[in-house]
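Chain and residue survey
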Amino acid sequence: LHSGDYYLFESDSEEEEDVSVEEQKHRRQTAFQLAYQAWVSSAKQALRERQQRQREQRLERERQQASSRASGDGEEAGAGTSQVEEQELGEEAEESGTGSDTVQRILDILKFLWVLCLAMVDGFTLWLNMLTKQYVDTSTVLCDERYMLTHNISQMPSREPMDDQLSQGSESPTLETCLDETDTDIANVSGAVSAAGLEEISKLDGAQGCSSTTLSSQPTLQLEAESRASRRQRRSRTASELLSDRPYCIEELVQSREFYSTQNRLLKLLFALYNVLAAHSELVCYFIIVLNNVVTASVISLVLPILTFLWAMLAVPRPSKSFWMTAIVYTEVMVVVKYLFQFGFYPWNSVRVTNMNKNDPFFIPRILGLEKTDNYIRYDLLQLLALFFHRSLLQRYGLWDQEGPLEEKASPSSEQEKAKKEGEEMDAGVFELDDNTPEPDQEAQTETDTQTETQTDPEQSQSAEITPEPPSPHKEQGKRKGLLRFRKRKTSNKDTTAKETKKKKKAKVKRSEEASKKLKAFGEKLKGFFVSVVRNVYRPPYRFFRNILHAEYRAATDVYALMFLTDVVDFIIIVFGFWAFGKHSAATDIASTLSEDQVPEAFLVMLLIQFSTMVIDRALYLRKAMLGKLIFQIILVFGIHLWMFFILPAVTERMFSQNFVAQLWYFVKCIYFTLSAYQIRCGYPTRILGNFLTKKYNHLNLFLFQGFRLVPFLVELRAVMDWVWTDTTLSLSNWMCVEDIYANIFIIKCSRETEKKYPQPKGQKKKKIVKYGMGGLIVFFLICIIWFPLLFISLVRSVVGVVNHPVDVTVTVKLGGYEPLFTMSVQQQSIQPYTQEQYVTLTKWFGDNAVAMQFITLYSYEDIVAANIEGSSGSVWRISPPSRQELIKELLGSADMTLRLAWNFQRDLSKGGTVENTFDKHSINLERGNPVRADLALLLEGNRTEPVLVPHMFPNFIRAPNGAEAKPVSQLYEGNEEGYQNVTLSLKRDGSLEWWDISIADCNTSSVACKVLRMDIFNDKVSPPSLGFLAGYGIMGLYVSVVLVIGKFVRGFFSEISHSIMFEELPCVDRILKLCTDIFLVRETGELELEEELYSKLIFLYRSPETMIKWTREKNKD
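Note that the structure is predicted; figures quoted are calculated from it, not measured.

Here we come to a negative patch on the surface. There is a patch of like negative charges on the surface, built from E1087, E1089, E1092 and E1093. If you trace the backbone, E1089 turns up in helix 43 (residues 1088-1103). Judged by its relative accessible area of 68%, E1089 falls in the exposed class.

Written as structure tokens, this is what we have:
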């Protein structure tokens, strides 16, 4: 595969015509191009160029109209138009010269905005007209034919079928804006009239132009017939081709169309919207039927959607009259039945029964659709209105009574032969009759088959099947013998008796034979009757599915992309609305559920089923399996309707009409059914070439294609599935190579088309608004990324941060490893926020200390709280006598001991922050010889009653940061720990109960404040819950995890650009794109050897820089 050489490029022709460039020159300027032109130059310049372009187009139209006139008249018109142009230019120059520049600039901008708005309206109207072009052209042709019928324009009968009638693509119901001069009878047959007569009119006018004679003044116009040779060369043409090729014109109709073309923009937009509605009236009916079923969700409303998906949408070439009559009659019956069951005398319509079954999804009247409700037939009447509107359109153009394609009816003999052939095929494929069946019966069955195809009354066919045969001669003879038999007198002769016995035996044998023949004939008749009944039941579905799978005319289309899009939307609905498909499930987030390592069963099953259907649909699409797709469609339609309307309400115990997520999922699935039925009816495309997003080269397709490639594993999964289910000689790696080359070439092609569509003038510097708009944003983005951690932490503390005061403060004093001496906790009532006066007092107290003031100014009074801790321990000191003696012994000994003061602050995480408990401790080392040890020993022995003084033990200023360590504020103490407050410890006794008291030393014992330990806590602002995941990393963590990762990603855009210049800076990639398309094409046609050769050519092209340069030159350059 990699053995390519230069010989592969020797046969390539370098002179290729580019027709698309010529077409783009005459293309109308869009609103986006006008805005881009104003962006590049100025609003005034854009308006001038637009006016100049409009003048050129107007002149070109006038030249075309004046081509048939005399040369002198044309010169006068040209001179007149030139003078008008000069006058307009002079007026513009005068207007631009007057007034100040600022006012003129504002007026130019306002005028440009108005022109831009008008251009957008024109573009939208043009887009709507493009959607309905086939419909409008068909309407115009039928309007001309109706005009001919109205004015008695006759045409010569042709011997062969009419060729110039509308093709299958233009058989949709149409409506035009023409003269309302027709009668109902003429309108009913206008759809069957051939358009060949419209072409034959031109021969009477000659080869010059079109006739301006009013055709209504002529009672009859004889049309010449074409020769047989020319008629054989003719083919079926569309309405657009008929309109473009016709050499005649009808003056009144031309004037009518000119009148509508001269209307204002608003009316043109309304006409375009109405044409869209009328052209897609069939889809409007389908939409209202589905909407009625979604809202009603009952058994009687479920019939029409299923018939729509499995009958109307699959019918070739269009839904028959039988379906529309069935839908109309069924809707009318449904309205009447619902009305009859709205009376209150029915027991299930009482208030008590209704309230009792208010939330029961399987309440019998509710599930049947007969429940008494307000506005019970609102959507039914809307559905009936849409059906009658569509019926009126079909009747207007003769498609109401037209069954099958618009073709000339064949002769009766050919119809009988065709019907007989079909009957023989079905008999051979389904029924195997016995060989002993008599020939008359077979002929009767054959005649019956022929009759069932032509006649419409089934009762006549059944009566023809069971008509009794004429009696045979043997039967008549037996009857006569039975009637003429009489008794004879007995004789005594023995011979006479023997003869009579023999005759009796012979008569019995004959009667038994006749009875067996009668039974056999009756059995054959009964068998033929049942066979005919089975055939009558079997033949319509057989023909229906046979027309689907073996249609004579098939306009292959490709709507798999839209089907895949609807499946993706359903997939997203399941992911984010899984709670609506399970029992006892609330509207929770799937992320929180999965974070707890819990996978709901209903969620998993639905995801797997949805994903499996997407894979199966892709496999059927790649293999082009029409029968498999039809079976898959039938299974999905019945399965999903059974699940959504019966199984799901039973599982969720909620009515379908009250489950919005299920309704949305079902509606999107109905769109999928519509697209799938359209795909089945039209057939799979014969060639699947590339990705569906690469068909057009514009910004939208490029954006969607890039998004498609960013989805994890989607590109790889699609490529592997395509390789598995596509016949190819390439290996998987070679296949992926071609896909990657094609994707890159498509991106380059989009860039080149954008450059052509929005050109940049040469030698023009970039505007400041572009440089500062684009470059300034990039600079700002990079600066924000560099300083993001510092800015984020600063914003958290100053702007978006929240104050989270402690809700619990606990202080504990421990001596060595023994039972805690003191434990006290205070809650919110003892934790008081600072007031403005207290904050001012604090700043005055430390006003001379610059370091302390620097720390205090970082906090406002709202960030500081004062925790008032009671001096008496909140718990009794429970120490055993042996431990007490051991503690006294240790205090009097020589080993070192530690006195610890620990504090713990608890926050409410719901208000913000990432750490709930903040704690720390202060330890005092009691060495040997420390007087505190001896005093505590005496206090424990009971030989001392005075409190024991412990110096520098209690820090009253604590900082509570975002982390877990709440350390004392060293800036507010002189000499660090030496600035801590002195406290006194005393042991209180009440009988056998003991507890410890702590108070501030050097304080008036009578004062209440001395018995309370005051602790001022400085609280750092914490991040809100929405930003907690980032604030938890800290400054260094953010630099490592965010800044470096984004920097590596950004560096990839600006580094190693030179290595990809050869494959990205390609002036013209049309030839490479065509080579990739050729690989796809020969693969689809089965030319696998040629596929290998083209792949070798593609690989060699990327290996040869010289050939790449030659192949990517502009086509108009040598």
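Turning our eyes to something else, we now look at the sheet that holds strand 4 (residues 864-870). In spatial order, the strands read 3-4-11-8; together these four strands make up an open sheet with mixed pairing. Across the chains shown, the open sheet's two edge strands, defined by having one partner strand only, are strand 3 (831-833) and strand 8 (957-960). Within the sheet, the average angular offset between the axes of one strand and its neighbour, ignoring direction, is 30°. Here strand 3 runs beside strand 4; their pairing, made up of three bridges, is antiparallel. Across the sheet, P833 pairs through a bridge with V865, a residue of strand 4.

A word on helix 5 (residues 101-131). Compared with the 45 Å implied by 1.5 Å per residue over 31 residues, the 44 Å span of helix 5 between its first and last C-alpha is a close match. Residues Q104, D108, F112, V115, L116, L118, A119, T125 and L128 constitute the buried set of helix 5.

What follows concerns the packing of aromatic side chains. The final tally for this structure, using the stated rule, is 35 aromatic pairs. Taking 5.5 Å as the distance between ring centres and 75° as the angle between the ring planes, the aromatic pair formed by W877 and W996 counts as edge-to-face. You can see W877 sitting in the loop between strand 4 and helix 37 (881-892) and its partner W996 sitting in strand 10 (residues 993-1000), a full 119 residues away along the chain. For the pair W877 and W996, one class covers both residues: buried. Its end group placed over the ring of Y672, K669 keeps NZ or CZ at 4.6 Å from the ring centre. Stacked on the ring of W735, the Lys or Arg R1083 has its end atom at 3.9 Å from the ring centre.

Turning our eyes to something else, we now look at the confidence of the model for the chain. Looking at the chain as a whole, its pLDDT mean stands at 75, while 73% of the residues score no less than 70. Taking the mean pLDDT of every element in the chain, the minimum, 35, falls on helix 7 (residues 184-189) and the maximum, 93, on helix 29 (residues 660-682). Below pLDDT 50 for its whole length, residues 406-415 participates in 15 contacts with residues either more than four positions away or in separate chains. Here residues 424-492 is a poorly scored stretch, pLDDT under 50, and it has 52 contacts once near neighbours within four places are set aside; other chains count.

At their nearest, the axes of helix 27 (residues 601-623) and helix 28 (residues 626-652) sit 11 Å apart, and the two run at 160° to each other. Classified by the angle between their axes, helix 27 and helix 28 sit roughly antiparallel to one another. Along this stretch, helix 27 crosses helix 28, giving a crossing that reads as left-handed. Within the contact between the two elements, helix 27 uses M606, T613, I616, D617 and L620 and helix 28 uses G628, K629, F632, L636 and W643. For the contact of helix 27 with helix 28, a count of residues per class yields six nonpolar, two polar and two charged.

Our next topic: the pattern of salt bridges. What the rule picks out here adds up to 25 salt bridges. We note a salt bridge from E994 to R884, for which the minimum N-O separation is 2.8 Å. Of this pair, E994 sits in strand 10 while R884 sits in helix 37, placing them 110 residues apart in sequence. By relative accessible area, R884 is classed as buried at 14%. Its salt-bridge partner being K1074, residue D1078 comes within 3.3 Å of it at the nearest N-O pair. One end of the pair is D1078 and the other is K1074, both in helix 42 (residues 1070-1084) and four residues apart, which spans about a single turn. The class for D1078 is partly exposed, based on a relative accessible area of 23%. Put simply, R618, R718, D722 and E739 are held in one network by salt bridges that share partners.

The subject of this paragraph is a positive patch on the surface. Positive charge collects at one region of the surface, where K499, K502, K503, K504, K505, K506, K508, K510 and R511 lie side by side. Here K506 is to be found in helix 24 (residues 494-549). The exposed category is assigned to K506, whose relative accessible area is 58%.

To continue, consider unusual backbone geometry. The omega torsion across V316 and P317 is 0°, close enough to zero to call that bond cis. One non-glycine residue with positive phi stands out, namely E653, at about 60°. Tracing the chain through its elements places E653 in the loop between helix 28 and helix 29. The backbone of H952 shows a phi angle near 50°, a positive value even though the residue is not glycine. Counting through the fold element by element, H952 comes out in strand 7 (residues 948-954).

Parameters and conventions
- Residues numbered from 1 in each chain as written.
- Predicted model: local features only at pLDDT ≥ 70, side-chain atom pairs only at ≥ 80, totals over all residues.
- Heavy atoms only, no water.
- Patch = residues over 30% accessible without salt bridge, like charges linked within 9 Å, V, L, I, M, F, W, Y side chains within 5 Å.
- Areas by Shrake-Rupley, 256 points an atom, 1.4 Å probe, with all protein chains shown as cover.
- Salt bridge = Lys/Arg side-chain N within 4 Å of Asp/Glu carboxyl O.
- Lys, Arg positive; Asp, Glu negative; His and termini not counted.
- Charge placed at Lys NZ, Arg CZ, Asp CG, Glu CD.
- Helix = DSSP H or I, 4+ residues; strand = E, 2+ residues; numbered from the N terminus.
- Buried < 20%, exposed > 50% of the residue type's maximum accessible area, 1.4 Å probe, protein only.
- Pairing = 2+ DSSP bridges.
- Axes fitted to C-alpha atoms, helices over the stretch in contact; angles between N-to-C directions.
- Expected span 1.5 Å × (residues − 1).
- Phe/Tyr/Trp six-rings, centres within 6.5 Å; stacked < 30°, edge-to-face > 60°.
- Lys NZ or Arg CZ within 6 Å of the ring centre and 35° of its normal.
- pLDDT = per-residue confidence, 0-100.
- Contact = heavy atoms within 4.5 Å.
- Parallel < 35°, antiparallel > 145°, perpendicular 65-115°, else oblique.
- Left-handed = near helix turned anticlockwise from the far one by under 90°.
- Nonpolar A, V, L, I, M, F, W, Y, C, P; charged D, E, K, R; others polar.

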